[in-house]
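# Fold and contact review
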Amino acid sequence: VQNSKPINLGNSMFNCIWQGWANEIAVRGLLHATAPMNIMNVTGPEMYSTKKVAEKFGVPLAIIGIRRPKANVMEVMSIIGDVKGKRCLMTDDMIDTAGTLCQGAQAIKDAGATEVYAGCTHAVLSGPAIERLEKSAITKLVMLDTIHLPEEKKLDKFEVLSVADIFAAAIENV
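Everything numeric in this text was worked out from a predicted model, so none of it was measured. Going along each chain's sequence as written, the residues are numbered from 1 onward. Residue-level local features of this predicted model are given only where pLDDT is at least 70; pairs of side-chain atoms are given and counted only at 80 or more, and the full residue set underlies all totals for whole chains, interfaces and linings. Note that water and hydrogens are dropped before the side-chain values are worked out from all heavy atoms of the structure.

Secondary structure elements follow DSSP: runs of H or I of four or more residues count as helices, runs of E of two or more count as strands, with numbering from the N terminus. Assigned secondary structure in the chain consists of five helices and seven strands. Scanning the chain from its N terminus toward the C terminus, one meets helices and strands in the order α-β-α-β-β-β-α-β-α-β-β-α. Throughout this description, buried means an accessible area under 20% of the type-specific maximum (1.4 Å probe, protein chains only), exposed means over 50%, and partly exposed covers the range between. Looking at the chain residue by residue over its 174 residues, the buried ones come to 44%. Working rule for contacts: check all heavy atoms of both residues, and any pair within 4.5 Å makes them a contact. Once local pairs closer than 6 in sequence are excluded, the contacts in the chain between residues at least 24 apart make up 62%. Working definition of accessibility: Shrake-Rupley area with a 1.4 Å probe, residue cover restricted to the visible protein chains. With an accessible surface of roughly 9300 Å², the chain has 54% of that area assigned to carbon and sulfur atoms.

So this is what it looks like as structure tokens:
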């Protein structure tokens, strides 16, 4: 069965915990796929999850300061932290039109990053997302399979990781 909606896990506290696990899966996938990535900053517009990922993996943190004048519109205001000469990893919970991710990646490159990798939990990829990602400064995007990715949306820079093991372990431990 193909889902068009992200996996809904109920209340916001549980979703916050889920987001941490999901980001960790995506980050581990990126670290494995791009090793060695020993010089990197974890960057992103979502302050809480970005900070948690940086702490978990013991890497420097940089934050993309953004402003959202309206829905699906984002402006990069500043980059807080040092990205010059570094391979950077961005994390986000959901990619819809990919505007935030692509603009953030370009801002990081413009600030001197050598490469930008990204990881997300839910890849909605609506509207101009595929075209934006294809043309973006992102080297590789790792996403989880919480939403089915149709063949026509797949790019060479995408890697899809399964969340089945997390759910199997949760069911087993209940």
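Now for unusual backbone geometry. Phi at A98 takes a positive value of approximately 70°, unusual for a residue other than glycine. The topology assignment puts A98 in the loop between β4 (87-95) and α3 (99-110). Phi at L125 takes a positive value of approximately 55°, unusual for a residue other than glycine. With respect to the helices and strands, the residue L125 is situated in the loop between β5 (115-123) and α4 (129-135). Among the residues examined, L125 registers a relative accessible area of 1% and is labelled buried.

The term salt bridge refers to a side-chain nitrogen of Lys or Arg lying within 4 Å of a carboxyl oxygen of Asp or Glu. Counted according to the given criterion, the structure contains six salt bridges. E131 is the salt-bridge partner of K135, the closest N and O atoms lying 2.9 Å from each other. One end of the pair, K135, and the other, E131, are both in helix α4, four residues apart, so they sit about a helical turn from each other. Among the salt bridges present, the one from E159 reaches K140, with a minimum N-O distance of 3.6 Å. Highlighted residues: E159 in strand β7 (residues 158-161) and K140 in strand β6 (residues 138-144), separated in sequence by 19 residues. Owing to a relative accessible area of 24%, E159 belongs among the partly exposed residues under this scheme. Overall, the relative accessible area of 19% leaves K140 in the buried class.

Residues L125, L133, L141 and F158 are the most contacted members of the largest nonpolar core, which totals 27 residues. Every element with two or more residues in this core is listed here: β4, α3, β5, α4 and β6. Excluding residues that lie within four positions of it along the chain, L133 makes contacts with A98, L101, C102, L125, I138, L141, L155, K157 and F158. To form a nonpolar core, buried Ala, Val, Leu, Ile, Met, Phe, Trp, Tyr and Cys residues must be joined to one another through side-chain atoms within 4.5 Å.

The subject of this paragraph is the pairing of β6. For β6, a buried count of six out of seven residues is recorded, marking the element as mostly surrounded by other parts of the structure. At least two bridges found by DSSP between two strands are what make those strands a pair. Pairing between β5 and β6: five bridges, direction parallel. Its bridge partner lying in β6, Y117 is registered against K140. A clockwise course of the path from the first strand over the helix to the second, judged with the strands pointing away from the viewer, identifies a crossover as right-handed. Chirality of the crossover, the property in question, places the unit of β5, α4 and β6 among those that are right-handed. Where β6 and β7 come together, four bridges link them in parallel fashion. Looking at the pairing, V142 lines up with E159 of β7.

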